[in-house]
Amino acid sequence: MSASANPLRAEASELEPPRFPSSPATASGQPTLAVLWRLLPLLSFAFAASVVVLRFRYSGLQNYGMGAQYIEHAARLSVLMEWRAQPEFQPFEFLVGADTGYPPLLHVLTLLGGAVFGSGLGAVNALGTGWILLLGIGVGVCAGHWARSRRCGSLAASVAMLLPAVPAVATHYYYDLPMAAMLWLAMACLLSLRTAHPVLASVSAGLAWTAAALLKWSALPFGLVAALAVTRSRREIPATLVSLLFAGVLLLAFVAQADGSITSLAGGLLPPEDIEKPSRLWLFSALPEPFASAFSRPLRQLGLLTPGFLAFYPLTLVTSILSPAAALVVLPLSVLGLIRVPSLRWPSLVLLGGGTAFCALWIHVQDERLLLSLVPVLGATTAAGLLTLRARRVRRPLLLLVFLVLATVSLDFHFGSPSPLNTARELLFVPYRGVHVVARGLGLATSESGIGWRRRDEQLDDRAAYREVVWRHLAAEGVASVGTVPHAPLFGPDGDEPWLEYRSRYAVLFEDASPLRFVQAVSGESSPELLLVRAVDSGWANLPPDAAPGEWRRPTRIPAADGGVEIEFWSHETRGPPRLPGEQP
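What you see is a predicted model; the values in this text were computed from it and never measured.

Criteria and thresholds
- Residues numbered from 1 in each chain as written.
- Predicted model: local features only at pLDDT ≥ 70, side-chain atom pairs only at ≥ 80, totals over all residues.
- Heavy atoms only, no water.
- Helix = DSSP H or I, 4+ residues; strand = E, 2+ residues; numbered from the N terminus.
- Contact = heavy atoms within 4.5 Å.
- Polar contact = N/O pair within 3.5 Å; in protein donor to acceptor, adjacent residues only side chain to side chain.
- Axes fitted to C-alpha atoms, helices over the stretch in contact; angles between N-to-C directions.
- Parallel < 35°, antiparallel > 145°, perpendicular 65-115°, else oblique.
- Left-handed = near helix turned anticlockwise from the far one by under 90°.
- Nonpolar A, V, L, I, M, F, W, Y, C, P; charged D, E, K, R; others polar.
- Salt bridge = Lys/Arg side-chain N within 4 Å of Asp/Glu carboxyl O.
- Buried < 20%, exposed > 50% of the residue type's maximum accessible area, 1.4 Å probe, protein only.
- Pairing = 2+ DSSP bridges.
- Phe/Tyr/Trp six-rings, centres within 6.5 Å; stacked < 30°, edge-to-face > 60°.
- Lys NZ or Arg CZ within 6 Å of the ring centre and 35° of its normal.

Caption draft 1: How the structure looks around the environment of proline 376. As for its position among the elements, proline 376 is in the loop between α19 (345-362) and α20 (377-387). C-alpha separation for the pair proline 376 and leucine 163, spaced 213 residues apart in sequence, amounts to 7.7 Å. Among all residues touching proline 376, those that are not within four sequence positions of it are Leu135, Val139, Ala160, Leu163 and Trp184.

Shown next, in the form of structure tokens:
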């Protein structure tokens, strides 16, 4: 019987280590290149981290509207307030108490680092680069195990940290990259420990699964996909199942204590209004909502598939995760790696194929951030494709080309200006989802709505300096309540209440200020002492529609040195007129 006809022999051949060319350093007896291989991941991390820190230093927070870039920072400081309010520190009770709209672990870990490096925006942004390193470690360990090659693991870690979307998303204080890093660490624990230390593998992987979910609940489905990717034979099933059960017990103990972020997740499982719910899906009719809707979603969405719907994720992989320039070198090498290293086929198929199918059929939004946990596997396949090239005169220049292309794409994304090489062009619009795919020539494109990552040349002005001027005036007023007009812009085209929440909490925590109460000045709510409006030619146009003449005094306009629209303070009739900092009451 031939090997191809014998499944057992075929499976065994896939588990054999691939025959990579011998190391040039070993062949020549010179240790320099061997040391370089070990340093390669650190050099890649140093580049990615430098890009992230410099992008923040020169561009600040990436404003994508509604002041939303401050939402997570306001939540972070809310967690710190919860921490300081504890009479005695009880870790589990604190973690449960800090659970609100999103799981609290990202904020807890950031605040632990902030105790050493500070809790300002710059320090927090720099701490975020650590997730790039953890992702690289996880991918490197997994790739080294799959390919049975330390060099492949080292190169895979280096490529994964330089995939253009990775340093791009690290410029945001957000949940996707930390979750992806912990998922890959969980896979690495199982792959590296389950043979020699199965108990340790299950416990460590279970803790990593738990941490991933407490960073973002999307880790629940993606964790199952990741667990399947590292489980290929029956002897590998027990350690994987024990790790998942261990994580499940910890997470159930957590969600049983409070009704917080898990409620937000449950709301996301409900079908959107534009999906017509069938009168009866008998297979799931016995399940309570929202589980009946969640499990029946694929059956409903199969009838909505269109070519544009199916093309979204493949296109965004090229335009917004890799960039066309990077795709030209990464994807062919990945195909070569899959051909020559069979042990990479199963994890790649499960992560990219199964994960993307889940995103398309189960999640009612389309967003390339959902691919972020899956695409680091391309680091492993690209590394394998490079290292299986036999001819050094081809392998070495191609290795250099990969790193040059990945680095150039990142530099263009974070510091470049519009040019013929990154001209914007819309490729696809999905009416059902209401999403666009826009390419930026050969460069990396901004993610959908800019929530995940945004090109420097498309970044909205955050007006950080003017915000501080406004805050100093506001602090000088000494008021206990401040109001904003619903749906009225402040610093830009959208409202900015999240910034007010963040800045007030920061002042209370680090500047010994009194807390402010924020009120949206609408009918039925108590009037604030001070009203913040965006200055227009006729200031009354920005006041609440139910404001009576004479209820608000003449405004104080805060000059804007940056030339942008200015803010006005309107004082309620119950107190004196607004005063500028330094004026005597």
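After that view, the rundown keeps rolling.
Caption draft 2: Inspection of the side chain of asparagine 63 at higher detail. Along the chain, asparagine 63 turns up in the loop between α3 (32-59) and α4 (71-85). Looking at asparagine 63, its side chain comes within polar contact range of the main-chain oxygen of aspartate 461, at 3.3 Å. Look past the residues within four positions of asparagine 63 in its chain and what remains in contact with it is Gln69, Arg454, Gln459, Leu460, Asp461 and Asp462.

Caption draft 3: The arrangement of the packing of helix α9 (residues 150-162) against α20 in detail. α20 packs onto α9 with a crossing angle of 130° between their chain directions and a minimal axis gap of 8 Å. Here α20 runs oblique to α9, going by the angle between their axes. Judged by the twist between their axes, the crossing of α9 over α20 is right-handed. When α9 is examined against α20, the residues Arg151, Cys152, Leu155, Ala156, Val159 and Ala160 are found in contact with a partner set consisting of Gly379, Ala380, Thr382, Ala383, Ala384, Leu386 and Leu387. Each residue belonging to the contact of α9 with α20 can be placed in one class, and the counts come to 10 nonpolar, 2 polar and 1 charged.

Caption draft 4: Structural detail: the pattern of salt bridges. What the rule picks out here adds up to 15 salt bridges. Its salt-bridge partner being arginine 369, residue aspartate 367 comes within 2.8 Å of it at the nearest N-O pair. This pair shows no difference in class: aspartate 367 is buried, exactly as arginine 369 is. Between glutamate 468 and arginine 503 there is a salt bridge, with the nearest N and O atoms lying 2.9 Å from each other. Pair noted here: glutamate 468 is in helix α22 (residues 464-477) and arginine 503 is in helix α23 (residues 497-510), with a separation of 35 residues, a long-range link. The exposure class assigned to arginine 503 is buried, which follows from its relative accessible area of 6%.

Caption draft 5: Molecular detail of the sheet that holds strand β5 (residues 530-534). Spatially, the 5 strands line up as an open sheet ordered β4-β3-β5-β7-β6, and their pairing is mixed. Sheet topology places β4 (517-520) and β6 (556-558) at the edges, where each strand pairs with a single neighbour. Across the sheet, the mean angle separating the axes of adjacent strands is 30° when strand polarity is ignored. Examined bridge by bridge, strand β3 (residues 481-484) and β5 share 3 bridges and lie parallel to one another. Its bridge partner being in β5, glycine 483 is matched across the sheet by leucine 531. Sitting on the sheet, α22 touches β3, β5, β6 and β7 (567-571), and the angle it makes with β7 is about 15°. With respect to the sheet, α23 is in contact with β3, β4 and β5, its orientation differing from that of β4 by roughly 170°.

Caption draft 6: Region of interest: the side chain of histidine 73. Looking at the secondary structure, you find histidine 73 in helix α4. Assessed through its relative accessible area of 3%, histidine 73 is described here as buried. Of the polar contacts made by the side chain of histidine 73, one reaches the side chain of arginine 76; its length is 3.0 Å. Dropping the residues within four chain positions of it, histidine 73 is found in contact with Leu61, Leu121, Val124, Tyr173 and Tyr502.

Caption draft 7: Examining the packing of aromatic side chains more closely. Summed over all chains, the structure comprises 13 aromatic pairs. Summarising the aromatic geometry, the rings of tyrosine 70 and tyrosine 502 are spaced 5.6 Å apart at their centres and angled 35° between planes, so their arrangement reads as tilted. Taken together, the positions of tyrosine 70 in the loop between α3 and α4 and tyrosine 502 in helix α23 put the pair 432 residues apart, joining distant regions of the chain. For the pair tyrosine 70 and tyrosine 502, a shared accessibility class is recorded, and that class is buried. Note on phenylalanine 491 and tryptophan 499: the rings are 5.1 Å apart at their centroids and 80° apart in plane angle, and the pair reads as edge-to-face. Here phenylalanine 491 and tryptophan 499 have matching classes, each one buried. A network of ring pairs unites the aromatic residues Tyr70, Tyr502, Tyr506 and Phe510 as a single cluster. Note that arginine 84 overlies the ring of phenylalanine 510, its terminal NZ or CZ placed 5.5 Å from the centroid. Stacked on the ring of phenylalanine 491, the Lys or Arg arginine 467 has its end atom at 4.6 Å from the ring centre.

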